[in-house]
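This is what each chain is made of:
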Amino acid sequence: GAGVSQTPSNKVTEKGKYVELRCDPISGHTALYWYRQSLGQGPEFLIYFQGTGAADDSGLPNDRFFAVRPEGSVSTLKIQRTERGDSAVYLCASSYGVGETQYFGPGTRLLVL
Amino acid sequence: AQKITQTQPGMFVQEKEAVTLDCTYDTSDPSYGLFWYKQPSSGEMIFLIYQGSYDQQNATEGRYSLNFQKARKSANLVISASQLGDSAMYFCAMSRPNTGNQFYFGTGTSLTVIP
């Protein structure tokens, strides 16, 4: 079956611009996660959705970051007023439920100039 | 506080040999899960193997096995009969379902298989 998909695969933007990153989870997975991976590091948690609601957004670095999942499937991570420090790979994962194996998408490589 | 520690930034192994990648974890939760992921240069995180904290036996998946030593809080990944395609970054991760649903990842180990 289809895995987790993410678009775009690469995004180059200028400092101060707004970006949206999209994630389409595995069909039937109710849990969806966003992580950020900086060069040479492991993924760091940003936010987790169970269904349509953000069950845990404790990893969002500041209020420039926001994510939605309006219909309980596709999710969009939104970054306002991008900064050069936001440059990283943004990974999305989904799972059947709590504590279950998370399956990751290919990531979106964001570069802020 | 670092919850997952991977002390080997880089490892080399001869093709067809076995290799062990180290992972130690830190939690006081009685219920947790341990995972290993492979990340090739393409960037996608590929799930390899899972071990639950209450599992009595070490997990195995094909050429992958997890050496789970609960008292030492270690969960080392053993790859047998290494192949050139095993060259990648390997990440150890932990879930703690009772305190949240995020995974905690280590900093990874870069494995290079030498022909």
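Residues numbered from 1 in each chain as written. Chains lettered and ligands numbered in written order. Predicted model: local features only at pLDDT ≥ 70, side-chain atom pairs only at ≥ 80, totals over all residues. Heavy atoms only, no water.

I tried to follow the overall build of chain B on my own but got confused; where do I start?
When its secondary structure is counted, chain B shows 0 helices and 12 strands. If you list the helices and strands of chain B from N to C, you get β-β-β-β-β-β-β-β-β-β-β-β. Its C-alpha atoms give chain B a radius of gyration of 14 Å, near enough to 13 Å, the size a compact globule of 115 residues would have. In terms of overall dimensions, chain B has a C-alpha envelope of 45 × 30 × 20 Å along the principal axes. By the burial criterion, 50% of the 115 residues in chain B qualify as buried. Within chain B, contacts between residues separated by at least 24 positions form 54% of all contacts whose residues are at least 6 apart in sequence. Surface summary for chain B: the accessible area is close to 5400 Å², and the carbon and sulfur share equals 48%. (Helix = DSSP H or I, 4+ residues; strand = E, 2+ residues; numbered from the N terminus. Rg over C-alpha atoms; globule rule 2.2 N^0.38 Å. Buried < 20%, exposed > 50% of the residue type's maximum accessible area, 1.4 Å probe, protein only. Contact = heavy atoms within 4.5 Å. Areas by Shrake-Rupley, 256 points an atom, 1.4 Å probe, with all protein chains shown as cover.)

Got a minute to help me understand the interface of chain A and chain B in this structure?
Counting residues at the interface gives 21 residues for chain A, matched by 18 residues for chain B. Both sides together, the interface formed by chain A and chain B hides about 1600 Å², and carbon and sulfur atoms give 55% of it. Run the count over chain A and chain B and you get 0 salt bridges. Counting the contacts that link chain A with chain B gives 4 residue pairs in polar contact (both at pLDDT 80 or more). For the side of chain A that touches chain B, the secondary-structure elements that each account for two or more residues are β4 (31–37), β5 (44–50) and β10 (103–104) of chain A. (Buried area = accessible area lost by both parts, 1.4 Å probe. Salt bridge = Lys/Arg side-chain N within 4 Å of Asp/Glu carboxyl O. Polar contact = N/O pair within 3.5 Å; in protein donor to acceptor, adjacent residues only side chain to side chain.)

Where do I start with the packing of aromatic side chains in this structure?
Between two aromatic rings, the relevant description is the distance of the centres plus the angle of the planes. One pass over the structure, following the stated rule, counts 15 aromatic pairs over all chains. The interplanar angle of 45° and the centroid separation of 6.3 Å between the aromatic rings of F103 of chain B and F105 of chain B together place this pair among those described as tilted. Of the two residues, F103 of chain B and F105 of chain B, neither departs from the other in class, the shared state being buried. Each member of the aromatic cluster is reached from another via a ring pair, and the members are Y33, Y35, F45, Y48, Y103 and F104 of chain A together with F35, Y37, F47, Y50, F103 and F105 of chain B. Its end group placed over the ring of Y64 of chain B, R63 of chain B keeps NZ or CZ at 5.7 Å from the ring centre. (Phe/Tyr/Trp six-rings, centres within 6.5 Å; stacked < 30°, edge-to-face > 60°. Lys NZ or Arg CZ within 6 Å of the ring centre and 35° of its normal.)

Sorry if this is basic, but what is going on with the sheet that holds strand β8 (residues 75–79) of chain A here?
Sheet strands pair by backbone hydrogen bonding; their relative direction is either parallel or antiparallel. Residues and elements named next belong to chain A. One open sheet accounts for 4 strands, arranged β1-β3-β8-β7; its pairing is antiparallel. Pairing within the sheet leaves two strands with one partner each, and these edge strands are β1 (5–7) and β7 (65–68). Averaged over all pairs of adjacent strands, the angle between their axes in this sheet comes to 15°, without regard to strand direction. Judged from the 4 bridges that link them, β7 and β8 form a sheet pairing that is antiparallel. (Pairing = 2+ DSSP bridges. Axes fitted to C-alpha atoms, helices over the stretch in contact; angles between N-to-C directions.)

Can you help me understand the pattern of salt bridges in this one?
Oppositely charged side chains are able to pair whenever their charged atoms sit close together. Residues and elements named next belong to chain A. Applying the stated rule across the entire model yields 4 salt bridges over all chains. A salt bridge links R64 to D86, with the nearest nitrogen and oxygen atoms 2.8 Å apart. Residue R64 is located in the loop between β6 (53–56) and β7, and its partner D86 is located in the loop between β8 and β9 (88–95); the two are separated by 22 residues in the primary sequence. Owing to a relative accessible area of 6%, R64 belongs among the buried residues under this scheme. Through salt bridges that share partners, R64, E83 and D86 make up one connected network.

Can you help me understand the pairing of strand β3 (residues 19–24) of chain A in this one?
Taken residue by residue, a regular strand's side chains alternate between the two faces of the sheet. Residues and elements named next belong to chain A. The two faces of β3 differ: V19, L21 and C23 on one face are buried, but E20, R22 and D24 on the other face are not. Direction of pairing for β1 relative to β3: antiparallel, over a ladder of 3 bridges. Looking at β3, one finds that T7 is bridged to R22. Two elements, β3 and β8, share 5 bridges in a ladder whose sense is antiparallel. Bridging from a neighbouring strand, E20 pairs with K78 of β8.

Can you help me understand the nonpolar core in this one?
Within soluble globular proteins, side chains that are nonpolar tend to cluster in buried spots. Ranked by internal contacts, the top residues of the largest apolar core, which has 25 residues, are Y25, W36, I49, L77 and Y90 of chain B. Elements with a minimum of two residues in this core: β3 (19–21), β5 (33–39), β6 (46–52), β8 (64–69), β9 (74–79), β10 (88–95) and β12 (109–114) of chain B. The element best represented in this core is β10 of chain B, accounting for 4 residues. Within the second largest apolar cluster, 20 residues are counted, among which are V4, I26, A88 and Y90 of chain A. (Core = buried A, V, L, I, M, F, W, Y, C linked by side-chain atoms within 4.5 Å.)

Honestly, the pairing of β6 of chain A in this entry has me stumped. Any pointers?
Residue and element names in this part refer to chain A. For β5 and β6, the ladder comprises 3 bridges, and the chain directions are antiparallel. Residue Q50 lies in a different strand from β6, and its bridge partner there is G53. Between the end of β5 and the start of β6, which pair antiparallel, lie 2 residues, with G51 showing a positive phi angle near 70°.

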